[in-house]
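# Topology and contacts: notes
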Amino acid sequence: MPQADQNSLSPSAEGRPVSSPQTAPVTTPAVAGDTASGPPRPAHVRPVPLAELARRLETAAPQGAGDAAATGITHDSRAVRPGDVYAALPGARFHGADFASQAASLGAVAVLTDPAGAERAAGTGLPVLTVPDPRGRMGALAAAIYGEPGGDLLQIGITGTSGKTTTAYLVDGGLRKAAEKAGDLTGLIGTVESRIGDERLKSERTTPEATDLQALFAVMRERGVTAVAMEVSSHALVLGRVDGCVFDVAVFNNLSPEHLDFHPDMEDYFRAKRQLFTRARSRAAVVNFDDEYGQRLLTESEVPVTTFSAEGHPDADWRAEDVEVGPLGSTFTAVGPKDETVRAAAPIAGAFNVANALAALTALVTAGIDPQTAADGIASVPGVPGRLERVDAGQDYLAIVDYAHKPDAVESVLFAVRKVTEGRVHAVLGCGGDRDPHKRNAMGSALARLSDTAVLTSDNPRTEDPLAILATMLAGAAEVPAYDRGTVLLEEDRAAAIHLAVERAEPGDTVIVLGKGHEQGQDIAGVVRPFDDVLVLREAIREKQEAAAAAATAHAAATVAAVTAPVAGGDTTQGTDAEDR
């Protein structure tokens, strides 16, 4: 059965009520980490009476509530567990109330919905909590049901167009270093994965839905996690996924055109990001001084701001000096507001990762962590999946996979790769379907202009015609003057496109596959097929190596055969007397 579509908007977060102290905790039916019936849940939850939830919602106690109490909440009818409140939200295609009977059959104790869904929800016989905007109340309600778990965690949230994932991993590295002595655990929530200590969970989206996020916080608290680094997307802010959260530190990396299929313009995109820097959502801000939208936040943030500048601007609180960019990473000196200096490193290649490392360092220091401890933890991060990730199969050229999927990011990555490449750059890139179409032309142009070989291919076409997407990218490539662009190739099949790039690689070159990064599937015509750029690239390299080895063996055999084979006629001596004459 399909799940109700959740793409409706919500206002800002409600207040953060405290949990009821009267009722003893109970063990929930599914233990933490068991994702068979949805995202992880805490093993022990103190039941919250429905009457108390109604008071928090400022609505009348639902008919039939009696002594019923909630031990969980979910917006997905398929993930309901006994004791849950089912949040039946209005959506673009369905109303969640259409699935209330499924929720009831799985053990829901009540339904949270709007007036449009109230009658259908009541048809299940469950108590119905009715509010005008259930999505806008869901986050705070989830926090209340799980006992305000975020309040027991140091929370660092990162937002921006580019660098959220990398910065979150670097912040996590610093948090881990700081937690070592105390024996504490840290958490990570983001695009690639979520982590509870060393346990890894697959991520469905950059920022989980509010019901899942608060449950995840509760699991982290239960497992001994004391601090969490988290990516916060503009979608999460607009759709209320972080309602019920107040971040101790909110980080702003940058802002450039992206998600303009969701936001009508850049101003709306910025206003969505700015929500994170209100008193309702954070306590302190860390802002990129080098970004034009970061400059706006200096005056528009409602919370105290600490700035950072990878370009070394003297007016920034923290700035990078003595930057040395290398093929595997960069080193720099971080200079603080009191002229204190910390020797630091960005453990991932690319000059732009100096900004990400400095953002992480500034956030950690703002959170109260010793600067050198923070820098050491950042430097120890072994890498970030799908972010300038090297693929090494013993080849004599560099092979990289990166998530860059917007014009600015593609340009930044190609510039970074060019600096560490002795030979030529062979790049593979596609554009996603059913997403912002306005960036496709610019992405094709950037690839053609900055690569020696630009292989245009499919990304996730989804419901769009892959060739139509490629036609727009090709039009962008064609706008680059012939003298200023590399060889442009079109190959709709992504695996074949990767093989094309690898076939052209010579010693000292770089092959870079852009767009999908850590993703492990490709969505074509609504069907997601297994596809991992790292695995496909490695296989292409190995096939080339095997072909080269086979060719060398065949050549050696042919050479030996040519040397040892007798000449036709059988007599190889000097000519006879008759011939001499």
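Note: the structure precedes this text.
A brief structural summary. (Residues numbered from 1 in each chain as written. Predicted model: local features only at pLDDT ≥ 70, side-chain atom pairs only at ≥ 80, totals over all residues. Heavy atoms only, no water.)

Now for the overall build of the chain. Helix and strand counts for the chain come out as 17 helices and 27 strands. Along the first, second and third principal axes, the C-alpha atoms of the chain reach 125 × 60 × 50 Å. Taken across its 581 residues, the chain has 55% of its residues classed as buried. Accessible area for the chain stands at about 23900 Å²; split by element, carbon and sulfur atoms hold 52% of it. A distance of 5 Å separates the average location of the 52 positive side-chain charges in the chain from that of its 79 negative side-chain charges. (Helix = DSSP H or I, 4+ residues; strand = E, 2+ residues; numbered from the N terminus. Buried < 20%, exposed > 50% of the residue type's maximum accessible area, 1.4 Å probe, protein only. Areas by Shrake-Rupley, 256 points an atom, 1.4 Å probe, with all protein chains shown as cover. Lys, Arg positive; Asp, Glu negative; His and termini not counted. Charge placed at Lys NZ, Arg CZ, Asp CG, Glu CD.)

Another point: the sheet that holds strand 10 (residues 185-189). The 11 strands are arranged 12-11-10-13-9-14-15-16-17-18-19 in an open sheet whose pairing can be described as mixed. Every interior strand has two partners, whereas the edge strands, strand 12 (199-202) and strand 19 (341-346), have only one. Strand-to-strand twist of the sheet, defined as the mean angle between neighbouring strand axes without regard to direction, takes the value 20°. Docked against the sheet, helix 9 (residues 292-300) engages strand 14 (249-252), strand 15 (285-288) and strand 16 (305-309), running at close to 145° with respect to strand 15. (Pairing = 2+ DSSP bridges. Axes fitted to C-alpha atoms, helices over the stretch in contact; angles between N-to-C directions. Contact = heavy atoms within 4.5 Å.)

For L388, which is not glycine, the phi torsion reads 45° and is therefore positive. Of note, L388 is situated in the loop between helix 11 (371-379) and strand 20 (389-390). Classification of L388 as buried rests on a relative accessible area of 10%.

This part is about the packing of helix 10 (residues 352-366) against helix 11. Across the interface, helix 10 lies against helix 11 with an axial gap of 9 Å and an inter-helix angle of 140°. The orientation of helix 10 with respect to helix 11, classified from their angle, is oblique. Between helix 10 and helix 11 the crossing geometry is right-handed. Residues A357, A360, L361, L364 and V365 of helix 10 lie in contact with helix 11, whose contacting residues are P371, A374, A375 and I378. Among the residues forming the contact of helix 10 with helix 11, the class breakdown is nine nonpolar, no polar and no charged. (Parallel < 35°, antiparallel > 145°, perpendicular 65-115°, else oblique. Left-handed = near helix turned anticlockwise from the far one by under 90°. Nonpolar A, V, L, I, M, F, W, Y, C, P; charged D, E, K, R; others polar.)

On to the sheet that holds strand 8 (residues 128-130). By way of backbone hydrogen bonds, the strands of a sheet pair with one another, either parallel or antiparallel. The parallel open sheet is built from four strands, whose spatial order is 5-6-7-8. Taken across any chain shown, the strands that pair with only one partner, and hence form the sheet edges, are strand 5 (72-74) and strand 8. Averaged over all adjacent pairs, the angle separating strand axes in this sheet is 20°, with direction ignored. Pairing of strand 6 (residues 84-87) with strand 7 (residues 110-113), which is carried by three bridges, proceeds in the parallel orientation. By the bridge assignment, V85 is partnered in strand 7 with A110.

Any functional reading would require information that these geometric values do not contain.
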